[in-house]
Amino acid sequence: MHDVRATLRTCELFAGLDEGTVAMLAAASRPLEVAAGDALYTDGSPRNACFVIVEGQAEILREGRDGAQRLAVLGPGDALGEGSLLHASLHTTSALALTALSVLVLERDAVRASLAADGAAAVEVLSRVAVAINRRLQYASDGPVGRDKAYGSGATRTEHDLLGDREVPADALFGVQTLRAVENFPISGVHLSHFPVLVRALAMVKQAAARANLGLGLLDAEVAAAIDRACQEIVDGHHHGHFVVDAVQGGAGTSTNMNANEVIANRALEILGARRGDYARCHPNNQVNLSQSTNDVYPTALRIATVLSLQSLIAALDKLRAALAAKGEEFRTVVKMGRTQLQDAVPMTMGQEFTAFAVTTGEDIARLRETARLFLEVNMGGTAIGTGINADPLYPRLVVEQLRRVTALDLVLAENLVEATPDTGAFVMFSGALKRTAVKLSKMCNDFRLLSSGPRCGFAEINLPPMQPGSSIMPGKVNPVIPEVVNQVAFQVIGNDLTITLAAEAGQLQLNVMEPIIAFALFQSLQMLTAAVDTLTVRCVRGITANAERCRTQVERSIGIVTAVVPALGYERASEVAREALATGKPVREIILAKGLLSSSELDELLSPERMTRPRPLAPRGPVA
């Protein structure tokens, strides 16, 4: 284990404390070795210690609707569980060792006992913990992003751009151009950090560019390494709270690109031992944006982020498909009436109905995967309009090779970069596939609502799991709230598809400046649809039950079963039976027997569930050609 005091000084939480306070904390700490895969703490366990990582990496996980989701990857110098020093409570996340870990453990009781003897030290340490927690709340996006490194001190630094000097918050990783964009675009209130996958994709593009520029000898090795590390931190979930530009913006995504450039540059400066805003060593434009333009970075990041986002949606749809298929098997013997135009048609099994839902969901998965392949073609190296100005001739091939390694995606360089730079056709096609999925999900939910209507005066063929009371005035009413919310998400996705279509059409000449609204609409659709599918699976489909007796009774009373006797009676005579059944309310079987048209055994055969719910030979026949 390293020197304890030196280790504590490398931790941002304790950096700068006086020697006495550091010594006190060191005396209250103990070393701990954690094997890869083991937990430092788990969700719901008591907060009883703060951990400082000395060597190795840990991942922070939060339990979601359907499994754990990674929030961040932490490494040497990072602190975990510092909230335990403020108050005793339960962890809301889990921390697992990604690699073998060496950590310092600062036990809550030991630290607080030491602080109780030194009021000034107590104020300083606990204030830092409070500021760290406040900083996380201040900079965190609404989504599950990781930790940020900035302290909300209120101090500023002066930065300069084309339009002059501006005061930028000293604790911000972003810079003057981001600040201007924040002021210029108070549009949607949805910041880039709301879409973590886009932030990560931007960092991946910048990381690949730095590696390509290093390979070409265009970037100093030490600066390239700092940029690379800063990008990896963002990929791992750090610093997302500094991506503060509104997702809807003018400028074809330039503000997004500069937000990324400035965050990466300032974090790289810290890694190099320089101050934020001191761009002489690592400049947002000169080094981080080297060989690039917004017009190849931004669309490439959108494409990568779309493919990565789709993985979550595909996983959610596949779980829905499996749940529907399981219900198809569970309900395979439940005979019910099929309906067309909301009128009785012919019998079927509820298993067939739910199996059809599963099959159509599987088809949507296949279509989405097929369409998403269009996003694997990128225009990196095209720079401003596809001509490659300010980029080395070897750069396009090298940067795409690096991007394949960084993303683990089968990315390829577009054949014609001038054509690829303004082309948004892939977004139109993919959005259409998303819309198709949303429409079919909405239709399925309409069916669930109809089939569960009642419980006494509707179809009442299935029961949806009751999720909440349905009325402030009608006792006992329970509404189909989960299918209803999926319907509404589908409407939003359909509207977003129109937005994407119009934005793609609005492109002019060598660039489509409307890509930010395409990004906003597309990622909103992906996020909402993924959440809706997860909710539908977990809170509705898995809990559906069948009212088998009611279904059978409806089949027996329906005139629709007369279709099954058409081969034996002929269409005209069967129509007479149907008219009488409709006029008198008598069952079809009773009328046929009373008229002596068929025997009871013949009806048993013709009206059997097997006969009515699947094809069978109508009469003896010769060989089929």
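Our subject is the structure that appears above.
Let us look at the structure shown here. (Residues numbered from 1 in each chain as written. Predicted model: local features only at pLDDT ≥ 70, side-chain atom pairs only at ≥ 80, totals over all residues. Heavy atoms only, no water.)

This part takes up the sheet that holds strand 8 (residues 101-107). Strand order in the open sheet formed by four strands is 1-8-3-6, and the pairing between neighbours is antiparallel. What marks the edges here is a single partner per strand, and that holds for strand 1 (29-34) and strand 6 (79-80). Where helix 3 (residues 108-115) meets the sheet, it contacts strand 3 (49-55) and strand 8, and its direction lies at approximately 50° from that of strand 8. (Pairing = 2+ DSSP bridges. Helix = DSSP H or I, 4+ residues; strand = E, 2+ residues; numbered from the N terminus. Contact = heavy atoms within 4.5 Å. Axes fitted to C-alpha atoms, helices over the stretch in contact; angles between N-to-C directions.)

So, about the nonpolar core. Of all hydrophobic cores here, the largest spans 121 residues; its most connected members are Ile 227, Phe 448 and Leu 536. Looking at this core element by element, the count peaks at 16 residues for helix 10 (residues 294-330). The residues touching Phe 448, leaving out its near neighbours within four places in the chain, are Leu 324, Phe 354, Phe 357, Ile 462, Leu 464, Pro 483, Leu 536, Cys 540, Val 541 and Ile 544. Judged by nonpolar contacts, the second largest core, of 24 residues, contains Cys 11, Leu 25, Val 54 and Ala 79. (Core = buried A, V, L, I, M, F, W, Y, C linked by side-chain atoms within 4.5 Å. Buried < 20%, exposed > 50% of the residue type's maximum accessible area, 1.4 Å probe, protein only.)

Turning our eyes to something else, we now look at helix 19 (residues 571-584). Over its 14 residues, helix 19 runs 20 Å from end to end, which matches the ideal 20 Å to within 8%, given 1.5 Å per residue. Of all the positions in helix 19, only Ala 574, Ser 575, Val 577, Ala 578 and Ala 581 are classed as buried. The buried residues of helix 19 occupy an angular sector of 160° when projected down its axis, which confines them to one face. Summarising the geometry of helix 19, the exposed residues directed more than 90 degrees from the buried face are Glu 572, Arg 579 and Ala 583. Looking at the buried positions of helix 19, the neighbouring elements they touch are helix 18 (566-569) and helix 20 (588-595). (Expected span 1.5 Å × (residues − 1). Arc of directions from axis to C-beta.)

Glancing now at the pattern of salt bridges. Under the defined criterion, the tally for this structure stands at 26 salt bridges. For the salt bridge of Arg 321 with Asp 318, the shortest nitrogen-to-oxygen distance reads 3.2 Å. With Arg 321 and Asp 318 both in helix 10 and three residues apart, this pair spans about one turn of that helix. Connected through shared salt-bridge partners, Arg 229, Glu 233, Arg 267, Glu 270 and Arg 276 make up one network. (Salt bridge = Lys/Arg side-chain N within 4 Å of Asp/Glu carboxyl O.)

For the bond from Gly 454 to Pro 455, the omega torsion is 10°, close enough to zero to count as cis. Along the chain, Pro 455 falls in the loop between helix 14 (425-451) and strand 15 (462-463). Even without a glycine there, the phi angle at Gln 341 is positive, about 55°. Among the structural elements, Gln 341 can be located in the loop between strand 11 (335-340) and strand 12 (343-349).

Turning our eyes to something else, we now look at a negative patch on the surface. On the surface, Glu 377, Glu 415, Glu 419 and Asp 423 cluster together to form a negatively charged patch. With respect to the helices and strands, Glu 415 occurs in the loop between strand 14 (412-413) and helix 13 (417-420). Relative accessible area serves as the criterion here: at 83%, Glu 415 is assigned to the exposed category. (Patch = residues over 30% accessible without salt bridge, like charges linked within 9 Å, V, L, I, M, F, W, Y side chains within 5 Å. Areas by Shrake-Rupley, 256 points an atom, 1.4 Å probe, with all protein chains shown as cover. Lys, Arg positive; Asp, Glu negative; His and termini not counted. Charge placed at Lys NZ, Arg CZ, Asp CG, Glu CD.)

What follows concerns helix 16 (residues 515-539). Across its 25 residues, helix 16 extends 35 Å between first and last C-alpha, which sits within 8% of the 36 Å expected from 1.5 Å per residue. When you tally the buried positions in helix 16, you get 19 out of 25 residues, the bulk of the element.

Here the focus is the packing of aromatic side chains. Pairs of aromatic rings are described using the distance from one ring centre to the other and the angle between the two planes. Under the criterion given, the structure shown has nine aromatic pairs. Arranged with centres 6.4 Å apart and planes meeting at 80°, the rings of Phe 195 and Phe 520 form a pair that is edge-to-face. Of this pair, Phe 195 sits in the loop between helix 5 (176-184) and helix 6 (196-215) while Phe 520 sits in helix 16, placing them 325 residues apart in sequence. Accessibility classification places Phe 195 together with Phe 520 in one group, the buried group. Measuring from ring centre to ring centre gives 5.3 Å for Phe 331 and Phe 354, while their planes differ by 75°; the resulting arrangement is edge-to-face. In this pair, Phe 331 is assigned in the loop between helix 10 and strand 11 and Phe 354 in helix 11 (residues 350-372), connecting sequence segments 23 residues apart. (Phe/Tyr/Trp six-rings, centres within 6.5 Å; stacked < 30°, edge-to-face > 60°.)

With that out of the way, let us pick up the pairing of strand 8. Within strand 8, six of the seven residues are buried, leaving the element largely enclosed by the surrounding structure. Two elements, strand 1 and strand 8, share six bridges in a ladder whose sense is antiparallel. Each bridged residue has a counterpart across the sheet, and for Val 34 the counterpart in strand 8 is Leu 101. Here strand 3 pairs with strand 8 via six bridges, running antiparallel. Counted as the bridge partner of Ile 53 is Val 103 from strand 8.

Moving on, we get to the side chain of Thr 421. Tracing the backbone through its elements, the reader meets Thr 421 in the loop between helix 13 and helix 14. One polar contact links the side chain of Thr 421 to the main-chain carbonyl oxygen of Leu 417, over a distance of 2.7 Å. Ignoring sequence-local partners within four residues, the contact set of Thr 421 consists of Asn 295, Asn 379, Ala 384, Ile 385, Gly 386, Gln 510, Leu 511 and Glu 515. (Polar contact = N/O pair within 3.5 Å; in protein donor to acceptor, adjacent residues only side chain to side chain.)

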